[in-house]
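# Fold and contact review
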Amino acid sequence: MIWFWGSVGFWLAAWAFNAWLARQKVARGRAVRLFIPALFGVTLLILWEGVVRGLKVPGVILPAPTQIWAAIGGSLPMLWGDFVQTILKGALSGYVMGCGAAVVTAIIIDRSPFLQRGLLPVGNFVAALPVVGIAPILVMWFGFDWHSKAAVVVVMVFFPVLVNTVAGLADTDRMQRDQMATWSASYGQSLLKLRLPAAMPFIFNGLKIATTLALIGAIVAEFFGSPVRGMGFRISTAVGQLSLDLVWAEIAVAALAGSAFYGLVAGIERAVTFWHPSQRGR
Amino acid sequence: MLVPVLTVLSVIVVLWYGAAIWLNAQWTYDQAARAGAEVSFSELLADTLTQDRPVLPAPHQVAAGLWDGFFAQKVTSKRSLVYHGWITLSATLLGFAIGSGAGIVLAVGIVHNRAMDLSVMPWAIASQTIPILAIAPMVIVVLASVGVTGILPKAVISAYLSFFPVVVGMAKGFRSPRPMQLDQLRTYNATRAQTFWKLRFPASLPYLFASLKVSVAASLVGAIVGELPAGGAGGLGARLLSGSYYGQTIQIWSALFTAAILAAGLVMIIGAIEKATLRRMGMGG
């Protein structure tokens, strides 16, 4: 029981400290703003560990963080293989193809208001659908290997990026377009120099939504059939063998990969759209 | 407005028929070669659009599958899409109610407690970048081993997926009143509860509906994925999985369209409530 009450006590103490810290003037600083959520996260881990040890929760229901860490350390090569199979081959290739196709499609239909008025409601509709459901069909068409996962990802990311890009290309005001016209800029010039840069915040919004969708698509598609590696495959088989520490290890890798992927896209966004009000004054 | 949409939709249907003929032709040619016969173009057309297990079912086959699933079966039959759709829908709605309710409560806490804001908010935002759906099989199996089965494990996954969009959206919504409005209430000596009910909550409604639309779609996805590991227990996810095991493509497509209809219906209901509410508040046209 000492573990249980110790961790609860630590949690209360840390919470009181955070509450005190949040009221201080230093809470405006950047370091403290990072420290408070970090402390909160550490407290959760310690509470988790304490509850599991104190209440003797069996490992097949909830493994402790230390056990998960041991599982990560003990199966690094396997985790790396799954990461390459699912994230690099499945999710990333599909992401690049799907987003590229969406941006190109948006630019093509940009010249035709008719197509835009027809495609946008359809695109908005499809973006709200449970597109993961298409996974079994695509697995049937493209086989068990990463190609079918990439195909699922392409379908999942296409419409959010398309809708955002079309909205972005429309986001220039009359004065700016008139200015391009007075310089007698061609369609291509005004697209490249004015409208595409102006659309970048919207495009990146779509790209950021698509990062999570890509990982979800690649992992869930593996539930419908995959070669004997990959994160979705590992999760579903490890659950079947009740080795939950391995499942949590895969989830930790997925969380890490997801955050890193998102962070990468957000970093590129900051470099590309440095002029946008939401990026200034940081 | 309607003409371009219908044009695009009919182009999609035409493309779909073309793709169905193209993808299913291989099977027809193989069958003909085995029988030692030649296929004329009209025979090819007729055969590719009426196969039992086509690679890509033609639109009318999917429509027939939907019709069969909705109207030709008793609603309690295991082959009825109404039966499976209801299983999924009930899990979706329960999870959606739990998730969005908890999300609103947490957002209230975040807005009123600075320590909570600083500690929880970064994690709520970071959690959106994580493929949460990956935990679905584990949640099902773990809850089953503790003795919780049926609708609740699926609802937990749905709730988890619909939770974070609501937290992030509502934290933004409760903060949307301008400083001048907050100052005004301070001059009235309003309590925190009064400020909340008379200013913050009404101001947050547009944000509430926007995030509810996202989260109801997410909770449907959660319920469907939650049905995958449960196997034959019923629901649209189980329909998808058994269809993919046995190569019943028409069954997969019918389940998929049922899910799409459900999602569209749920989003439209919320949209209608949004429109009515905002109009009565004088906020939307």
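Here the residue index of a chain counts from 1 through its sequence in written order. For this description, chains carry letters from A and ligands carry numbers from 1, given in the order in which they are written. Reporting in this predicted model follows two pLDDT cut-offs: at least 70 for local features of residues, and 80 or more for side-chain atom pairs to be given and counted; totals over whole chains, interfaces and linings ignore these cut-offs and use all residues. Excluded from the side-chain calculations are hydrogens and water; all other atoms, namely the structure's heavy atoms, are used.

### Brief notes about the pattern of salt bridges
Within this document, salt bridges are pairs made up of a side-chain nitrogen of Lys or Arg and a carboxyl oxygen of Asp or Glu, the two lying within 4 Å of each other. Overall, the coordinates contain eight salt bridges over all chains when judged by the stated rule. Residue R234(A) is joined to D82(A) by a salt bridge in which the shortest nitrogen-to-oxygen separation is 2.8 Å. Taken as a pair, R234(A) in helix α10 (residues 231-240) and D82(A) in helix α4 (residues 76-109) lie far apart in primary sequence, 152 residues in all. A single burial state applies to R234(A) and to D82(A), both of which are buried. In this structure, the salt-bridge partner of E274(B) is K213(B), at a minimum N-O distance of 2.9 Å. In DSSP terms, a helix is any run of H or I states spanning at least four residues, a strand is any run of E spanning at least two, and both are numbered starting from the N terminus. Exposure is judged per residue with a 1.4 Å probe applied to protein chains only, and the accessible area is read against the type maximum: over 50% gives exposed, under 20% gives buried, and values in between give partly exposed.

### With respect to the confidence of the model for chain B
Residue and element names in this part refer to chain B. When pLDDT is averaged across chain B, the result is 84; 98% of the residues are at 70 or more. Summarising per-element confidence for chain B, the mean pLDDT is lowest in helix α2 (residues 41-48) (78) and highest in helix α4 (residues 81-112) (91). For this predicted complex, the interface score ipTM comes out at 0.77, while the overall pTM is 0.82. pLDDT expresses how confident the predictor is about each individual residue, on a scale running from 0 to 100.

### A look at the packing of helix α6 (residues 135-142) of chain A against helix α7 (residues 146-169) of chain A
All names here are of chain A. Contact geometry of α6 with α7 gives a least axis separation of 8 Å together with a crossing angle of 140 degrees. Here α7 runs oblique to α6, going by the angle between their axes. The two elements α6 and α7 cross, and the hand of that crossing is right-handed. Seen from α6, the contacting residues are A135, L138, V139 and F142; seen from α7, they are H147, S148, K149, A151, V152 and V155. All axes are obtained by fitting lines to C-alpha atoms, using only the stretch in contact for helices, and the reported angles, taken between N-to-C directions, cover 0 to 180 degrees. The labels follow the angle: roughly parallel below 35 degrees, roughly antiparallel above 145, roughly perpendicular from 65 to 115, and oblique for the rest. Here a crossing is taken to be left-handed if its near helix is turned anticlockwise relative to the far helix by less than a right angle, and right-handed if that turn runs clockwise. In what follows, a contact means two residues having at least one pair of non-hydrogen atoms within 4.5 Å.

### Some details on unusual backbone geometry
Residues and elements named next belong to chain A. One non-glycine residue, S184, lies in the positive phi region at around 50 degrees. At L242, a position not held by glycine, the phi torsion is positive, near 60 degrees. As for its position among the elements, L242 is in the loop between α10 and α11 (244-272).

### Things to note about the domain arrangement of chain A
These domain boundaries are the output of an automatic or database domain assignment. Per the domain assignment, the segments making up chain A are domain 1 (2-57) and domain 2 (72-272). Its C-alpha centre places domain 1 of chain A at a distance of 35 Å from the equivalent point of domain 2 of chain A.

### Comments concerning the interface of chain B and chain A
Facing 52 residues of chain B, the contacting portion of chain A comprises 49 residues. Defined here as a combined quantity, buried area equals the accessible surface (1.4 Å probe) lost by two parts on assembly, summed across both. Overall, the association of chain B and chain A removes approximately 4,200 Å² of surface from exposure, summing both partners, and the carbon and sulfur fraction of that is 84%. Linking chain B to chain A there are zero salt bridges. Polar contact is the term for a pair of N or O atoms within 3.5 Å; when the atoms are in protein, one must be able to donate a hydrogen and the other to accept it, and sequence-neighboring residues count only if both atoms are side-chain atoms. Where chain B meets chain A, there are two residue pairs in polar contact (both at pLDDT 80 or more). Elements that contribute at least two residues to the side of chain B that touches chain A include exactly α1 (2-35), α5 (114-127), α6 (136-146), α9 (192-226), α10 (236-246) and α11 (249-280) of chain B. The nonpolar class holds Ala, Val, Leu, Ile, Met, Phe, Trp, Tyr, Cys and Pro. Asp, Glu, Lys and Arg form the charged class, and all remaining residues, Gly among them, are polar. For the side of chain B that touches chain A, the per-class residue count stands at 41 nonpolar, ten polar and one charged.

### A few points about the nonpolar core
Core analysis: the biggest nonpolar cluster contains 129 residues, and Y95(A), L207(A), V220(A), F224(A), V247(A), M138(B) and V225(B) have the highest contact counts within it. The element that contributes the greatest number of residues to this core is helix α9 (residues 187-222) of chain A, accounting for 14 residues. The contact partners of V247(A), leaving out residues within four places of it in the chain, are I235(A), A238(A), V239(A) and M138(B). Remark: nonpolar core denotes a set of buried residues (Ala, Val, Leu, Ile, Met, Phe, Trp, Tyr, Cys) joined through side-chain atoms within 4.5 Å. One finds L21(A), A22(A), I36(A) and A115(B) within the second-largest nonpolar core, a separate group that totals seven residues.

### Here's the deal with the domain arrangement of chain B
Residues and elements named next belong to chain B. By domain assignment, chain B separates into domain 1 (2-56) and domain 2 (81-280). For domain 1 versus domain 2, the separation of C-alpha centres amounts to 40 Å. Contacts between domain 1 and domain 2 engage seven residues on the former and seven residues on the latter. Summed over both sides, the interface of domain 1 with domain 2 buries roughly 480 Å², with 56% coming from carbon and sulfur. Contact with domain 2 buries surface across domain 1, with W16, R53 and P54 losing the most and accounting together for 67% of the total. For the pair domain 1 and domain 2, the number of links is zero salt bridges. There are one residue pair in polar contact (both at pLDDT 80 or more) connecting domain 1 and domain 2. Here the residues of the side of domain 1 that touches domain 2 sort into four nonpolar, one polar and two charged.

### Comments concerning the packing of aromatic side chains
The pairing test for Phe, Tyr and Trp rings, Trp by its six-membered ring, is centres within 6.5 Å, and the orientation test on the planes gives stacked under 30 degrees, edge-to-face over 60, and tilted for anything in between. The full count for this structure, using the stated rule, is 18 aromatic pairs over all chains. Judged by centre distance (4.8 Å) and plane angle (75 degrees), the rings of F163(B) and F164(B) are edge-to-face. We classify F164(B) as buried; its relative accessible area is 11%. Ring geometry for W253(B) and F257(B): centres 6.4 Å apart, planes at 35 degrees, overall tilted. Here W253(B) and its partner F257(B) are both found in helix α11, four residues apart, which amounts to about one turn of the helix. Using a relative accessible area of 10% as the deciding quantity, one classes W253(B) as buried. Put simply, the rings of F174(B), F196(B), W197(B) and F201(B) touch in pairs and so form one group of aromatic residues. Sitting over the ring of Y187(A), R111(A) keeps its end group 3.8 Å from the ring centre. Should the NZ of a Lys or the CZ of an Arg lie within 6 Å of a ring centre and within 35 degrees of the ring normal, that charge is described as sitting over the ring.

### Concerning the environment of V132(A)
Relative to the elements of secondary structure, V132(A) occurs in the loop between α5 (113-127) and α6. Look at V132(A) and you get buried, because its relative accessible area is 8%. Sequence-wise, V132(A) and I216(A) are 84 residues apart; in three dimensions their C-alpha atoms are separated by 8.3 Å. With sequence-adjacent residues up to four places away left out, V132(A) is seen in contact with M156(A), V220(A) and V221(B).

### What about α10(B)?
Within α10(B), eight of the eleven residues are buried, which leaves it mostly tucked inside the rest of the structure. Of the surrounding elements, those touching the buried residues of α10(B) are α6 of chain A together with α4, α9 and α11 of chain B. Residue G247(B) follows α10(B) closely and has a positive phi angle near 70 degrees.

### What to know about the confidence of the model for chain A
With 97% of its residues at a pLDDT of at least 70, chain A reaches an overall mean of 84. The least confident element of chain A, judged by mean pLDDT, is α5(A) at 80; the most confident is α4(A) at 90.

### A few points about the environment of Y95(A)
All names here are of chain A. Relative to the helices and strands, Y95 resides in helix α4. Residues Y95 and V163, 68 residues apart in the sequence, show an inter-C-alpha distance of 16 Å. Contacts of Y95, omitting those with residues within four sequence positions, involve G100, V153, V157, L207, A210, T211, A214, F261 and V265.

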